[in-house]
Amino acid sequence: MESSEGIPVPLPQLRLDELLDELQARLDAARGTRDRVHRLLEAVLSVGRELDLRQVLRRITQEAAVLVDARYAALGVIAPDGKRLSDFLTAGVSEADIAAIGHYPEGHGILGELIRNPRPLRLPKISEHPSSYGFPAHHPPMNTFLGVPIRVRDEVFGNLYLTEKRGGALFDEEDESVLSTLAVAAGVAIDNARLYEESQRRQRWLQANAEITYALLSGSPRENALGLIAERAREIMVASLAVVAVPTSDHETLAVELAIGDRTREHHGLVLPVRGTFMGAAFTSGAPVVSANVAEDVRATAGPARFAGLGPAVAVPIGSGAGIRGVVLLARPAGETVFSTKETELLLAFAGQAAVAMELADRRSDTEQIALLKDRDRIARDLHDLAIQRLFATGMTLQSATRFIERPEGAERVEGAIKDLDETIKIIRSTIFGLRNHDESGGPGGRGLRSRVVHEVGEAAGVLGFAPAVRMEGLLDTRVPGAVADQVMAVLSEALSNVARHARAERAEVSVRTDGAVVALTVTDDGVGIPPGVHRSGLRNLAERADQLGGSLSLTAPRGGGTTLTWEVPLPPD
C-alpha cells in the first residue's frame, strides 16, 4: 500500500492510526460524558439550594435547557384537577415574545399528551404528532421535542418541555436519561420547597391566632376580632376578598358583618338565607365548601352581582357544632389556583382556634360581669343598710325638732332641709334599684335603659357644650319593656337635639322615672324657648310616638325661662 506521494505505508501503521483515532473519539466521548455528569450534578445541587418554590421551578427550567442544549424550555405545573396546567414557566423566550403570544397554554395538544400520559416523550418533529394543534400567532418555530414528567412522591407535579436542540440535532436517549434524572432531583427539591412553604404558612397561622387571642382577651371589641380574622386569612391565603357573616337570632339568615379587599361595597349590609347559599352551606354543614368559580356558582349568584372577576373561593365555619359563630369566605381572582385541601384544612383550623378564643373572651366577660354585679349588690346593700338609715334618722330628728323652733324662718329652713333629705333618699333608692336590677340584656348593644340614657346624655354633651344633669327613679331596667325603652331613647335623642339647635341654653336637666304604671321622660332647659315660626316636624314625631303608645306629650315654660318637655306613656301590666 502506498501513500499519496507514492511512498509505501506499512499496514500495521494504518491500523495504529485508526486505533488512535478511535481511542481519541472515545476519550472525547468520555470527557463529554464526564462534563455532562458534572453539569448534571451542579444542576441538582443548584436546584436543591433553593427553598422558595417559585425560584425552584425557575431554576429547574433554566438548568434543563443547559443540560440538553435546548434553545427553549418550559415547566408546566398541573392543576389540582389533573386535567390542565395552572402555571407555566419558560426559558429562552423573550418577554416581547411572551407578550405577543398572549395567554399561556393550558395543556392542550402535545402539552396535554404528557398530562394524560405522564411518561417521557421524544419527537423529531412536533407537527407530525397526532395530538399537535399547531402554534398560536407570533410563536417561535419549534420542531424537535423532549418532554418528561416531574413526580413529587406519588403525585405528578408537572412536566418539563424542551424544544429545538441546538445545531439542528435530535434529542437522543442520553438527553432523555439526563432530563429524567434532573426531574427526579427536581421532584425532591419541589417537595422540600413545598414543605418549607407549608411550615412558613403554619407559622403565620399561629402568629395570627396569637394576635386574635391577645386582642380578644385584652378586651378588644368583637367586631375588631372579626376584622382581624378576615384580614389575616386574606393575607395568608393570598385572596383578594374576605367576607365574614354571622347568624341572625333565628339562625335562618346570615348577616354580612364585614368585607375586606376587592368588591366589598356589594357585600356590606347583605343578609343571606342559610338555605341554598354558598356561605350557608358551610354554616349548616359545619365543614369547608370550595368552588372553582364562585362567579358562576349557583349558590353564590343569587341576590346582587358581587363576585364579578373572581374565581376560586372557599367558605369555612368559625367554630363547630352548635357553637358556630359565623362563616368566613375567601375568593381569588378568576384564573388563579383553586384552594387546595391543605390550604382549606389550615384555614379551618385557624377559624376553629379563633372561635375558641372568642368563646374564652365571652367566658371572661361573663366572669367579669358576675363580679361587677356582686359588687353592685354589696354597694346597694351598704347604701340601704347604712346611708339611707342614717339619712332617715337625721330627717326624723329634724322633724321632731321643728316644734322647739320658735321663729318661723328657722322652722321653714328645717322643713326645707327635711325635704332635701327626702329627695336624697329617693335618689339613693333609685340608685339601689339600678344596681340591683341592672339588666344587661335590655336594649341595643346589651345595655339597660339607665346606661343607655347616661350614654346618650354623655354623647349630647359634646354638641351642647355642657353636661346636662341626669335624674332617674324607679325600676327603669326591669319594668320598662325593650320596645318602650327604644321609644324613650328616640324621644330623648330628638329632645336633646332640639335643645342644641334652637334653645341656646346654658343648662339642661334630663329626668326619667317610672312608678311601674307609667314611664315619663322630662327634658328641661334654660334657653330661649320655642320661637314662633320654628319648624315643628320633630315635635309632631314625638307626639305621634306618644299617641301610638297611648301616652301624651306636653311643652311648658318654667317660671325662670326656657322649656320643659314631658313625654309620658303607660306601661303594660306585669
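Parameters and conventions
Residues numbered from 1 in each chain as written. Predicted model: local features only at pLDDT ≥ 70, side-chain atom pairs only at ≥ 80, totals over all residues. Heavy atoms only, no water. Helix = DSSP H or I, 4+ residues; strand = E, 2+ residues; numbered from the N terminus. Buried < 20%, exposed > 50% of the residue type's maximum accessible area, 1.4 Å probe, protein only. Contact = heavy atoms within 4.5 Å. Areas by Shrake-Rupley, 256 points an atom, 1.4 Å probe, with all protein chains shown as cover. Pairing = 2+ DSSP bridges. Salt bridge = Lys/Arg side-chain N within 4 Å of Asp/Glu carboxyl O. Axes fitted to C-alpha atoms, helices over the stretch in contact; angles between N-to-C directions. Parallel < 35°, antiparallel > 145°, perpendicular 65-115°, else oblique. Left-handed = near helix turned anticlockwise from the far one by under 90°. Nonpolar A, V, L, I, M, F, W, Y, C, P; charged D, E, K, R; others polar. Polar contact = N/O pair within 3.5 Å; in protein donor to acceptor, adjacent residues only side chain to side chain. Core = buried A, V, L, I, M, F, W, Y, C linked by side-chain atoms within 4.5 Å.

Draft legend 1. Structural view of the overall build of the protein chain. Tallying secondary structure elements over the protein chain gives 13 helices and 16 strands in all. Out of the 574 residues belonging to the protein chain, those deemed buried represent 40%. The contacts in the protein chain between residues at least 6 apart in sequence include a share of 59% that link residues at least 24 apart. Of the accessible surface of the protein chain, which amounts to about 31,300 Å², a share of 53% is contributed by carbon and sulfur atoms.

Draft legend 2. Layout of the pairing of strand E10 (residues 310-318). Of all nine residues in E10, nine are buried; the element is thus mostly enclosed. Where strand E9 (residues 289-291) lies against E10, three bridges are found, and the strand directions are antiparallel. By the bridge assignment, valine 290 is partnered in E10 with valine 314. Relative to strand E11 (residues 326-333), E10 runs antiparallel, the two sharing seven bridges. By the bridge assignment, proline 317 is partnered in E11 with valine 327.

Draft legend 3. Representation of the pattern of salt bridges in the model. The tally for this structure, following the rule as stated, stands at 11 salt bridges. Linking arginine 166 and aspartate 69 is a salt bridge whose minimum nitrogen-to-oxygen distance equals 3.7 Å. Here arginine 166, found in the loop between strand E5 (155-165) and helix H5 (173-217), pairs with aspartate 69, found in the loop between helix H2 (53-67) and strand E1 (70-78); they are 97 residues apart in sequence, far enough to count as distant. Looking at arginine 166, the relative accessible area reads 42%, which means it is partly exposed. Residue classification places aspartate 69 among the partly exposed positions, given a relative accessible area of 37%.

Draft legend 4. Geometry of the sheet that holds strand E14 (residues 518-525). Read across the open sheet, the five strands follow the order E12-E13-E14-E16-E15; overall the sheet is mixed. Two strands bound the open sheet, and with one partner strand each, they are strand E12 (469-473) and strand E15 (552-556). Across the sheet, the axes of successive neighbouring strands diverge by a mean angle of 10 degrees, strand direction being ignored. Both strand E13 (residues 508-514) and E14 contribute to a ladder of seven bridges, which runs antiparallel. Across the sheet, residue valine 510 finds its bridge partner in E14, namely valine 523. Each of E12 and E13 is contacted by helix H10 (residues 449-464), which is oriented at about 170 degrees to E12, the strand it contacts most. In the packing of helix H12 (residues 482-503) onto the sheet, the strands contacted are E13, E14 and strand E16 (563-570), and the crossing angle to E14 comes to about 10 degrees.

Draft legend 5. Fine view of the packing of H10 against H12. The geometry of H10 relative to H12 is characterised by a closest axis approach of 10 Å and an angle of 15 degrees between their N-to-C directions. Judged by the angle between their axes, H10 and H12 are roughly parallel. Taken as a pair, H10 and H12 cross one another with a handedness that is right-handed. Here Leu449, Arg452, Val453, Glu456, Val457, Ala460, Val463 and Leu464 of H10 lie close against H12, whose contacting residues are Ala485, Asp486, Val488, Met489, Leu492, Ser493, Leu496, Val499 and Ala500. For the contact of H10 with H12, a count of residues per class yields 13 nonpolar, one polar and three charged.

Draft legend 6. Layout of the side chain of threonine 344. Assignment of secondary structure puts threonine 344 in helix H8 (residues 341-401). Only 2.9 Å separates the side chain of threonine 344 from the backbone oxygen of serine 340, close enough to count as a polar contact. For threonine 344, the contacting residues outside a window of four places in its chain are Met237, Pro288, Val290, Val314, Val316 and Phe339.

Draft legend 7. Fine view of the nonpolar core. Core analysis: the biggest nonpolar cluster contains 33 residues, and Val453, Val510 and Val519 have the highest contact counts within it. Secondary-structure elements contributing two or more residues to this core are H10, H12, E13, E14, helix H13 (537-548) and E16. A per-element tally of this core places H12 first, with 10 residues. Not counting chain neighbours up to four residues away, the residues in contact with valine 453 comprise Val470, Met472, Met489, Leu492, Val510 and Val512.

Draft legend 8. Inspection of the pairing of E16 at higher detail. With respect to burial, E16 is a largely interior element, six of its eight residues being buried. Taken together, the eight bridges between E14 and E16 define a ladder with antiparallel strand orientation. Note on E16: the bridge partner recorded for threonine 524 is threonine 564. Pairing analysis gives five bridges linking E15 to E16, with the strands arranged antiparallel. What sits directly across from serine 554, in E16, is threonine 566.

Draft legend 9. Examining the environment of asparagine 192 more closely. Counting through the fold element by element, asparagine 192 comes out in helix H5. Here the alpha-carbon distance between asparagine 192 and aspartate 52, two residues 140 residues apart in the chain, equals 9.4 Å.

Draft legend 10. The sheet that holds E10, seen in detail. Strand order in this open sheet of six strands is E8-E7-E6-E11-E10-E9, and the pairing throughout is antiparallel. Unpaired on one side and paired on the other, strand E8 (271-273) and E9 mark the two borders of the sheet. Between one strand and the next, the sheet's axes are offset by a mean angle of 25 degrees, whatever the strand orientation. In terms of strand pairing, strand E6 (residues 241-247) meets strand E7 (residues 253-261) through seven bridges, oriented antiparallel. What sits directly across from leucine 241, in E7, is glycine 261. Helix H7 (residues 278-285) contacts E6, E7, E8, E9, E10 and E11 of the sheet and is inclined by roughly 30 degrees relative to E10.

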